[in-house]
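Structural characterization, general
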Amino acid sequence: MGFRLLGIRQASSTARQAASKSVEVPKGYLAVYVGEKQKRFLIPISYLNQPSFQDLLSQAEEEFGYDHPMGGLTIPCNEELFQHRTSCLKGQ
C-alpha cells in the first residue's frame, strides 16, 4: 500500500516569494499539520514508508481527499497520538 501525492503544481512567483518568507522545510523533511489547532510538525520523509504512518495518511485521505485546508498535508488526529506514533518511528 503506498501513498501518492497527486496534483502537485509549481507555485507562482508571488506564492514562492510568500513561501520564502515563511519557515523553510529542510531537505529530507515534510511539513504536516496535526490536531484541532493545526500544529505544524516537520517529519523525515522516511516516515512515509512506515505502515503506522501510512495508517495516518489513509485517515487523511478519507477525511480530506487531496484537498487539504492548510495547503499542506493535514493529519486528522490529535497531537498526542501523532507524537506517540512518530516517537515509535524514531527508533526504526
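Quick summary incoming for the structure in this document. Since the model is a prediction, treat every value here as computed from it, not as a measurement.

What counts and what doesn't
- Residues numbered from 1 in each chain as written.
- Predicted model: local features only at pLDDT ≥ 70, side-chain atom pairs only at ≥ 80, totals over all residues.
- Heavy atoms only, no water.
- Helix = DSSP H or I, 4+ residues; strand = E, 2+ residues; numbered from the N terminus.
- Contact = heavy atoms within 4.5 Å.
- Areas by Shrake-Rupley, 256 points an atom, 1.4 Å probe, with all protein chains shown as cover.
- Pairing = 2+ DSSP bridges.
- Axes fitted to C-alpha atoms, helices over the stretch in contact; angles between N-to-C directions.
- Core = buried A, V, L, I, M, F, W, Y, C linked by side-chain atoms within 4.5 Å.
- Buried < 20%, exposed > 50% of the residue type's maximum accessible area, 1.4 Å probe, protein only.
- Phe/Tyr/Trp six-rings, centres within 6.5 Å; stacked < 30°, edge-to-face > 60°.
- Patch = residues over 30% accessible without salt bridge, like charges linked within 9 Å, V, L, I, M, F, W, Y side chains within 5 Å.
- Salt bridge = Lys/Arg side-chain N within 4 Å of Asp/Glu carboxyl O.

1. Concerning the overall build of the protein chain
When helices and strands are tallied, the protein chain shows 3 helices and 3 strands. Mapped in sequence order, the helices and strands of the protein chain form the string α-β-β-α-β-α. The long-range fraction of contacts in the protein chain, counting pairs at least 24 apart against all pairs at least 6 apart in sequence, stands at 49%. Split by element, the accessible area of the protein chain, about 6600 Å² in all, is 51% carbon and sulfur.

2. A look at the sheet that holds strand 2 (residues 39-44)
Spatially, the 3 strands line up as an open sheet ordered 2-1-3, and their pairing is mixed. The open sheet has two free edges, formed respectively by strand 2 and strand 3 (73-75), since each of these has just one partner strand. Averaged over all pairs of adjacent strands, the angle between strand axes in this sheet comes to 40 degrees, irrespective of strand direction. By the bridge criterion, 6 bridges tie strand 1 (residues 29-34) to strand 2 in an arrangement that is antiparallel. Of the residues in strand 2, the one forming a bridge with Y29 is P44. Helix 3 (residues 79-90) contacts strand 1, strand 2 and strand 3 of the sheet and is inclined by roughly 10 degrees relative to strand 2.

3. Focus on the nonpolar core
Of all hydrophobic cores here, the largest spans 13 residues; its most connected members are V32, V34, F53, I75 and F82. Elements that contribute at least two residues to this core include exactly strand 1, strand 2, helix 2 (51-64), strand 3 and helix 3. Here this core takes 3 residues from helix 2, the largest share from any one element.

4. As for the pairing of strand 1
Between strand 1 and strand 2, which pair antiparallel and follow one another directly, the connecting turn spans 4 residues, one of which, G35, has a positive phi of 85 degrees. Sheet topology places strand 1 next to strand 3; 3 bridges connect them, and they run parallel. From the neighbouring strand, V32 faces strand 3, where its bridge partner is L73.

5. Remarks on the packing of aromatic side chains
Scanning the model with the defined rule gives 3 aromatic pairs in all. Judged by centre distance (6.2 Å) and plane angle (65 degrees), the ring pair of F53 and F82 falls under edge-to-face. Of this pair, F53 sits in helix 2 while F82 is found in helix 3, placing the two residues 29 residues apart along the sequence. Under the relative-accessibility criterion, F82 is labelled buried at 1%.

6. Section: a nonpolar patch on the surface
Residues V25, Y29 and L42 make up a contiguous nonpolar surface patch of about 230 Å² in total accessible area. Following the sequence through the fold, Y29 ends up in strand 1. Judged by its relative accessible area of 40%, Y29 falls in the partly exposed class.

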